[in-house]
Amino acid sequence: MGRNSSPPRLDGNGNENGKNNAINNSSDINNNNNDQGLYSIRDRFPLKRNPGQSRDRNKQYSLLERPLVRNRARFNRKGLLHFPFRGIYLFYFLIFFSVVAFAVASMVMQSSITVMLFKQGGERSWRRSIREGLRFGSSLKFMPAGISRLLAEGGGLDPIRSTDRIGIRRPRLAVILGNMKKNPQSLMLVTVVKSLQRLGYVFKIYGLGSGEARAIWENLNVQFSFLGPEQFGHIDWSLFDGVIADSLEAKEAVSSLMQEPFNTVPLIWIIQEDTLAKRLPAYKEMGLDHLVSNWKNTFSRANIILFPDFTLPMLYSMLDTGNFHVIPGSPVDVWAAESYSKTHAKHQLRKDNGYSMDDMVVLVVGSSFFYDELSWDYAVEMQTIRPLLMRFARRNDAEGPFKFIFLSGNSTYGYNDALQQVASRLGLTQGSVRCYGLDGDANGVLLMADIVIYGSSQEEQGFPPLIIRAMTFGIPIITPDFPIIKKYVADGTHCVLFQKHNPDALWRAFSLLVSNSRLSRFAETVASSGRLLAKNILASECITGYASVLVNILYFPSDVLLPGSVSELKQGSWEWNLFRKEIEHSNVDISVDSSVVLALEEEFTKHIVDKSKNRTEIQDQDALTGQDLDFVTEIDSFEDYERLEMEEINGRTESDLGVWDEIYRNARKSEKLRFEVNERDEGELERTGQTVCIYEIYSGAGAWPFLHHESLYRGLSLSRRARRLTSDDVDAVGRLPLLNDTYYRDLLCEVGGIFSIANRVDSIHRRPWIGFQSWHAAGRKVSLSTKAEKVLEKTIQRSKDVMYFWARLDFDGAGEGSNDALSFWSMCDILNAGHCRIAFEKAFRKMYNLPSDMEALPPMPHDEGHWSSLHSWVMPTKSFLEFVMFSRMFVDSLDALHSNSSEPSICLLGSTYLEKKQCYCRVLELLVNVWAYHSGRRMVYIEPLSGLLEEQHPVEQRKEFMWARYFNFTLLKTMDEDLAEASDDDDNPRKMWLWPLTGEVHWQGIYEREREERYRLKMDKKRKTKEKLLERMKNGYRQRPLGL
């Protein structure tokens, strides 16, 4: 929270120039701290001067017509204060002094209230922490920083729309619903989702529980499924371009998004409840720092946390990590007012509170943020409406049954009594002024009012919620001309505005609404227009706000169709027709409770209580007495005596160490026991004798639930920290040190794991067939079923040089349309920002050193056959090594083009940050198809569910299109040896040469050098043996006795 206690500077026109300067300076400070929070701005309330006083001193004024004069205190020569007030000015001064005294007294009374219960303390202490340090006339603001500033400066999709782009699917979003109630929160989210669907977004809804709103969500033409706690880890969130969570109840689901590989999926978290905010200060007081850290860590996972008003981010400031943002707009106030008006009548409320229908009830409301701790705000209210009180509530000048009500503070007897006492001293009519607390029936107080005056000195950032409720009740509003109010309402149409801190302007506004102690026709017209406006006052801004957040937060991959422009949204109303029945029923609970907050709190507090209880019990049990110390001393003495006695006995006894065979047998047994610690697990034993092993590639703990546990599969981890603890997964980083570099690990993706298996393959894989499968295959429901696995194992027994695959390239559309009409290279271009053919052709040309006038892009057929994707295939181990040999040289050529370009940090194969980070991944994923097609391998597609086999692109039909000369094994072997020789001679073509780092380096010279080294070691051994034999013959040899 930033505070500025210095008053603003006024220019010649009375404008507050200093305020803007203070805001800008404090914004810079907040930016340097990379944080956002609360901001305090001093404000002043100048009284109106009398410009004509010196010109006409003898003119007589009535009590209400007399202008207000702000006199300055003057000092005499002796330094004593000269009191300037006389007559009516003295009366005004006494009124102001009484109001201020009342405010100070009310604060003293409120601060003396002792909070006994945990819940009550949590509800009030969060306001107390914010109140501290504020001064009279101060206001609070949520200063945008971090993500809010980036959103304000972001250009959205405008730069991408100007480029050529071909998409094949619409952007997919997942929505996690914390509850399925029909409440204002659901109304807001349903309205936003329907509007975003018109822009082209596709949604899948995950409900954490069943509820009345399920039918509404299912009718929105979205996929719907329930998500239980045991299913949080079984959702492939990488399928979605973004995830939206709508309440604190989604915390556990958000936790599953914190693990790799889902920690890069954009997360938008909507928080509309203040349950946790009320309890955070209590957690600090109780020492539950781990609980606060747990929530803060979860909050930090979200790319952006959205609040519906500017109050909530200030209450949650303890958890702010720079990702807070406000999109104003929620139908909760309109919902609450309409639901209340269905079951309550104005005449009955007035009767219950001692008012008649003939009374003119004027309600004065203030800021709802400090409703129980900051009484200065309400002192200013009384000062603002002073002319109205003097005219309509005084004993001698009352012109009608006017009643003034202040809606503020807590409903404590002391607060209302103090107000009545001040009213009596001011000479106001008995019962003409009353105070109601905001913690009571605030809706009832609003409904029985005839006119509502917004008299707060707090210039709020959002439209005041109490004003929205009053407008919904059909009550005419008088409000200061704050910018936030002028932004949405028109003066004289929806409400009546007056210049803030100007009692005369307030008097003129009030006169427009009152005629003969009754509401005027103008007031009825304003109230009717205001009610229509309040119905959907913030709906349009809320909808466009969410659309703008999505285009600035989400990554739109190259194969995604861009959504429509935000300017295309024309809807400016909530979907009231879907929730009409719920509004008409008064028993609908619109409050938002969070069970996860209470459950997590109970878990942490129980741990602390149990730990403290156990510590107390242990301390009680471990308390030593004098008798215990004597007993321990006696035991130590007895043990020392026995030890010395045994040492003397052993020293006199001759020991037999045994024969050599027994000693050797015991030593071997001990070594065997130590080896059993590292014994292979059950899965490795079951794989013994199998024909094939499929390595499942994964890169984080979030992918563990998608991995198989059968003996046919074996995990292949791209990260040492993400390996499963109870399995014999292969450590790709340990087998290929290149993967220690996160840059190249991200650049190669799953291909890096394939290279690690090929590196010294005999040390880990000695089976005739080998296969791979990305963890994405299980997440996208395209992994092999048990039936298909049996068909595969049976088929490869009689197969020779065949590549079997089961994840199709065109299946990634997930049922959004068939992509069979697209060719192989068209799909590759779509997945790689339109540069796949160019990059492949340049890399192929460089790899084979082809001239520029020669065709370098291998032709791929445009037929209805399928192509492999997701690295899900099986082939003979010999063919696999040949494919890796080709892939290593191709990757090196592709990296050379990227490194030698004028801008090596820019990746042309991607359009988003994630695609550029994984630059080569999508091209390398399709590389196996080019190699298998042109090397003459049979390509067979296995249907993953049924196991049906279907050959793709028969060899007989592609012979005339194959570039077999470039994929000949002899040529590839020669090229590989040439690169190995250059590497062995340190003849690197560039500074960062990738090829030697991707696998083994062998050529004939290395073989000869290794053979010579083995021969040298052999001859050294013979020489040493011969020298030892000569030494023995010369000096003789006497074998030492064994077993001694």
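About the criteria used
Residues numbered from 1 in each chain as written. Predicted model: local features only at pLDDT ≥ 70, side-chain atom pairs only at ≥ 80, totals over all residues. Heavy atoms only, no water. Core = buried A, V, L, I, M, F, W, Y, C linked by side-chain atoms within 4.5 Å. Buried < 20%, exposed > 50% of the residue type's maximum accessible area, 1.4 Å probe, protein only. Helix = DSSP H or I, 4+ residues; strand = E, 2+ residues; numbered from the N terminus. Domains from an automatic or database assignment. Contact = heavy atoms within 4.5 Å. Phe/Tyr/Trp six-rings, centres within 6.5 Å; stacked < 30°, edge-to-face > 60°. Polar contact = N/O pair within 3.5 Å; in protein donor to acceptor, adjacent residues only side chain to side chain. pLDDT = per-residue confidence, 0-100. Pairing = 2+ DSSP bridges. Right-handed = clockwise from strand over helix to strand, strands pointing away.

Under an unreviewed UniProt entry, the name given to the protein chain is Glycosyl transferase family 1 domain-containing protein, and the organism recorded is Hibiscus syriacus.

### Some remarks on the nonpolar core
By size, the foremost hydrophobic cluster in this structure holds 86 residues, and its most contacted members are Tyr201 and Trp217. In terms of residue count, helix α22 (residues 539-553) provides more of this core than any other element does, nine residues in total. Each of domain 1 (147-330 + 542-578) and domain 2 (332-537) accounts for three or more of the residues forming this core. Ignoring sequence-local partners within four residues, the contact set of Trp217 consists of Leu177, Met180, Leu189, Val190, Val193, Ile205, Val222 and Phe224. In this structure, Leu718, Leu736, Trp867 and Ala980 belong to the second largest nonpolar core, which totals 80 residues.

### What about the packing of aromatic side chains?
Under the criterion given, the structure shown has 43 aromatic pairs. Between Tyr848 and Tyr966 the ring centres are 5.0 Å apart and the planes differ by 65°, which places this aromatic pair in the edge-to-face class. Here Tyr966 lies in the loop between α38 (955-958) and α39 (969-984) and Tyr848 lies in helix α34 (residues 836-848), a separation of 118 residues in the sequence. Each member of the pair, Tyr848 as well as Tyr966, carries the same accessibility label: buried. Grouped by ring-pair contacts, the aromatic residues Phe824, Trp825, Phe840, Phe844, Tyr848, Trp867, Phe886, Phe890, Tyr933, Trp963, Tyr966 and Phe967 constitute a single cluster.

### Remarks on the side chain of Arg169
Its place among the elements puts Arg169 in the loop between α5 (158-161) and β5 (172-177). A polar contact of 3.3 Å, which involves the side chain of Arg169, links it to the side chain of Asp559.

### Some words on the confidence of the model for the protein chain
Across the protein chain, pLDDT averages 79, with 72% of residues at or above 70. Confidence over residues 674-679 falls short of pLDDT 50; this stretch has zero contacts with residues more than four positions distant or in other chains.

### So, the pairing of β5
Counting buried residues in β5 gives six out of six residues, a clear majority hidden from the surface. Covered by surrounding structure in β5 are Arg172, Ala174 and Ile176 together with Leu173, Val175 and Leu177, the residues of both alternating faces. Direction of pairing for β5 relative to strand β6 (residues 202-207): parallel, over a ladder of six bridges. Bridging from a neighbouring strand, Ala174 pairs with Lys204 of β6. In this fold, the crossover linking β5 to β6 by way of helix α6 (residues 184-198) has right-handed handedness. In this sheet, strand β8 (residues 242-245) lies alongside β5 in parallel orientation, the contact comprising four bridges. Bridge assignment links Ile176 to a residue of β8, and that residue is Ala245.

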